[in-house]
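Overview (structure and organization)
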Amino acid sequence: MIDEFLARPLTARVATEGPTIRPTWYLWEDGAFWILSGPWSRLPGLVRSRPRVAVAVDVCELDTGVVVQVLAGGDAAVRPFDVSRGRRKLVRYLGSDEDRWDPRFREYLHGDVGAVWVYLRPSRLVMKDLSYST
């Protein structure tokens, strides 16, 4: 059930020490979060200096009563960017037609912008279903 929930194009909130919390798109593959980042963000530097992070992905649908959250935590790492994974991540949020994407997203894939992955294979992963009847 966690894999199906995290396969949806939802927004995760990533917290680093400080605390610093940021909303972000992510890719959930093989039991790990992949977050596209780079020199435009402080996230890679924060992870390099203090790798402990927490991630929350949730939905709260007031019209249906569906309230589900996944909470994850562990030590993250910065990994080299690869275009195939980047395309999978962006397609899930923006659709498969790259021509319709904002140019900066195409630049992440095909330009030399210093993109990296922030990678987290959680040591703690919990799913909570707090749904209610409407």
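Below, the structure is looked at part by part. (Residues numbered from 1 in each chain as written. Predicted model: local features only at pLDDT ≥ 70, side-chain atom pairs only at ≥ 80, totals over all residues. Heavy atoms only, no water.)

**Overview of the environment of Ala77**
Residue placement: Ala77 occurs in strand β7 (residues 77-80). Note on Ala77: relative accessible area 31%, which makes it partly exposed. With 12 residues separating them along the chain, Ala77 and Lys89 place their C-alpha atoms 18 Å apart. Aside from chain neighbours lying at most four places away, what touches Ala77 is Val47, Trp117, Val118 and Tyr119. (Helix = DSSP H or I, 4+ residues; strand = E, 2+ residues; numbered from the N terminus. Buried < 20%, exposed > 50% of the residue type's maximum accessible area, 1.4 Å probe, protein only. Contact = heavy atoms within 4.5 Å.)

**With respect to the environment of Glu98**
Its location among the elements puts Glu98 in the loop between α3 (83-94) and α4 (103-110). With 28 residues separating them in the primary sequence, Glu98 and Val126 have C-alpha atoms 34 Å apart. Residues contacting Glu98, with those up to four places away along its chain left out, are Arg87, Arg106, Leu109 and His110. A polar side-chain atom of Glu98 sits 2.9 Å from a polar atom in the side chain of His110. (Polar contact = N/O pair within 3.5 Å; in protein donor to acceptor, adjacent residues only side chain to side chain.)

**So, unusual backbone geometry**
Despite not being glycine, Asp30 shows a phi value in the positive range, around 50°. Structurally, Asp30 is set in the loop between β3 (27-29) and β4 (32-37).

**A few points about the sheet that holds strand β2 (residues 20-24)**
Pairing is antiparallel in the open sheet, where five strands are placed in the order β2-β1-β5-β6-β9. Two strands lie at the open edges of the sheet, namely β2 and β9 (124-129), each paired on one side alone. Put simply, the sheet's adjacent strands are angled 15° from each other on average, direction ignored. The pairing of strand β1 (residues 12-16) with strand β5 (residues 52-61) spans five bridges and is classified as antiparallel. Looking at the pairing, Thr16 lines up with Val53 of β5. (Pairing = 2+ DSSP bridges. Axes fitted to C-alpha atoms, helices over the stretch in contact; angles between N-to-C directions.)

**A look at the sheet that holds strand β8 (residues 116-120)**
The sheet built from four strands is open, its strands ordered β3-β4-β8-β7 with antiparallel pairing. The open sheet has two free edges, formed respectively by β3 and β7, since each of these has just one partner strand. Going across the sheet, the axis of each strand differs from the next one's by a mean of 35°, ignoring polarity. Two strands pair when backbone bridges link them, and β4 and β8 are joined in this way by five bridges, in the antiparallel orientation. Looking at β8, one finds that Leu36 is bridged to Trp117. Where α3 meets the sheet, its contacts fall on β3, β4 and β8, and the angle it forms with β3 comes to roughly 120°.

By themselves, these figures tell us nothing about what the structure is for.
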